Amino acid sequence: MDYSKINEAAQNYLEDMTRFLRAIVKNPGESCDEKAHIDTIAAEMKKLDFDQVVIDPQGNVIGYMGTGDKIIAYDAHIDTVGIGNMENWEFDPYEGYETNEEIGGRGVSDQCGGIVSAVYGARIMKDLDLIPEGCKIMVVGTVQEEDCDGLCWQYIINEDKVRPEFVVSTEPTDGGIYRGQRGRMEIRVDVKGVSCHGSAPERGDNAIYKMADILQDVRALNENDDADETEIKGLVKMLNPKYNPDWEEARFLGRGTITCSQIFYTSPSRCAVADSCAVSLDRRMTFGETWESCLDEIRNLPSVKKYGDDVVVSMYNYDRPSYTGCVYEIECYFPTWAIPKDHKVTKALEDAYRNLYGETRLGNAETEEMRKSRPLTDKWTFSTNGVSIMGRNGIPCIGFGPGAEAQAHAPNEKTWKIDLVRCAAVYAALPASYCK
């Protein structure tokens, strides 16, 4: 395999990749409203002579290069979050901007740059005859990830009946290779009370006061240590071999966290005692934690047990329709996952990268110093579609993508052209590296 030719081919496609990325992000593409993004991607795949291009009933766009039975997939979610307060933007997030080194706009890092590099990586494979015999390259632009990460791959695996050999997530990785992430789940706690007139609160049972007690215990989970004498042991306990047999991978991914993200209440009026209160909890999970263990952890808090049947702890469900109208209901549970550091897929991606670019992360003048200070192979801070691909379905997943995690969901979002080139080259080299 001539790595210099692969890198040269990627550089030659930079102008096309830049045009393609700007064409995608010029339209809003928030979760459940991604049709313009999907149509743009499908048209580009057809223009580049993909062997097959389909849009499935959920709205995911899937392009294939090659005709073998063994599928090597590249995933890019192409939905975005909203723009937030427009006053925080220095430019129009959909018009964007372009310099010699950068492209700005909503979604350029999170995560439309990934689909651009993957599409052109597949084209380079075809140009240079790099698709191994018996293999088929699958490039997927997935929907609804920002709303419910992994939902799209649950649909692809279970309804489209597609199960790849492995999947590369093209989420932004700051020039590194990422082999895992913490999981997350969305927990709801409901507390019942009894209303009465606010002038005599002792006649009622204030649900907000009960919830206040519970939230102090939830806060303790996040902040306490795990000493023997600590009644509510903190989530840090999962880094301790005493409490977690998976402590090594837990230390790699980092400890779990929990926080209250929303609060709701009912009351007959502002001069009455609240008769119900509910909160949403954002729970990030490390290795060794499951949805069952996380729910039981809340149910066993002293204040929750104190209020007994007046407290209900549950997990949210997601049932919002996609832009096609497809409803594919799922629990709001997004499992922790990590591919082993010595797995064949990990080694193949590291091999492809090192043959192209060496032993360290690369960037441009703005990013390279920070990137080189970090290990080449690491993990994400946030959550990705890997929660379904590997977390729920056990399909090996590895991450390498253009852009930066810190740009995700931020105003003035940008990415770097050199990242698009390097990712396209690594994607093109990977299948042959894996199959050799």
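Calculation rules
- Residues numbered from 1 in each chain as written.
- Predicted model: local features only at pLDDT ≥ 70, side-chain atom pairs only at ≥ 80, totals over all residues.
- Heavy atoms only, no water.
- Helix = DSSP H or I, 4+ residues; strand = E, 2+ residues; numbered from the N terminus.
- Rg over C-alpha atoms; globule rule 2.2 N^0.38 Å.
- Buried < 20%, exposed > 50% of the residue type's maximum accessible area, 1.4 Å probe, protein only.
- Contact = heavy atoms within 4.5 Å.
- Expected span 1.5 Å × (residues − 1).
- Arc of directions from axis to C-beta.
- Core = buried A, V, L, I, M, F, W, Y, C linked by side-chain atoms within 4.5 Å.
- Salt bridge = Lys/Arg side-chain N within 4 Å of Asp/Glu carboxyl O.

What follows covers the overall build of the protein chain. Within the protein chain, the secondary structure is distributed over 13 helices and 20 strands. Relative to the compact-globule value of 22 Å for 436 residues, the protein chain shows a C-alpha radius of gyration of 24 Å, a close match. Taking the principal axes of the C-alpha coordinates as reference, the protein chain spans close to 80 × 45 × 45 Å. For the protein chain, the residues scored as buried account for 57% of the 436 residues in total. Here the analysis covers contacts within the protein chain between residues at least 6 apart in sequence; of these, 75% occur between residues at least 24 apart.

Its 13 residues give helix α3 (residues 35-47) an end-to-end C-alpha distance of 18 Å, which sits within 8% of 18 Å, the value for a rise of 1.5 Å per residue. Of all the positions in α3, only H37, I38, I41, A42, E44 and M45 are classed as buried. Take α3 and look down its axis: the buried residues cluster within an arc of 165 degrees, on one side only. Facing away from the buried side of α3 by more than 90 degrees, the exposed set consists of K46 and K47.

Bringing the nonpolar core into the picture now. Note that soluble globular proteins tend to have their nonpolar side chains buried in a common cluster. With 97 residues, the main nonpolar core has F50, Y74, I115, V119, M138, V139 and W153 as its most contacted residues. In terms of residue count, the dominant contributor to this core is helix α13 (residues 417-435) (11 residues). Among residues more than four places away in sequence, those in contact with W153 are A73, D75, M138, V140, T142, P164, V167, N385, S388 and I389. Within the second largest apolar cluster, 27 residues are counted, among which are I187, I232, I258 and L281.

Turning next to the pattern of salt bridges. This model, assessed by the stated rule, comprises 38 salt bridges. Linking D39 and K35 is a salt bridge whose minimum nitrogen-to-oxygen distance equals 2.7 Å. Placement of both D39 and K35 in helix α3 is noted, with a separation of four residues, approximately one turn of the helix. For K35, a relative accessible area of 44% translates into the label partly exposed. E249 serves as the salt-bridge partner of R179, at 3.4 Å between the closest nitrogen and oxygen. Separated by 70 residues along the polypeptide, R179 in the loop between β8 (177-178) and β9 (180-181) and E249 in helix α7 (residues 247-253) bring together distant segments of the chain. You can call R179 buried: its relative accessible area is 7%. With relative accessibility at 22%, the residue E249 sits in the partly exposed group.

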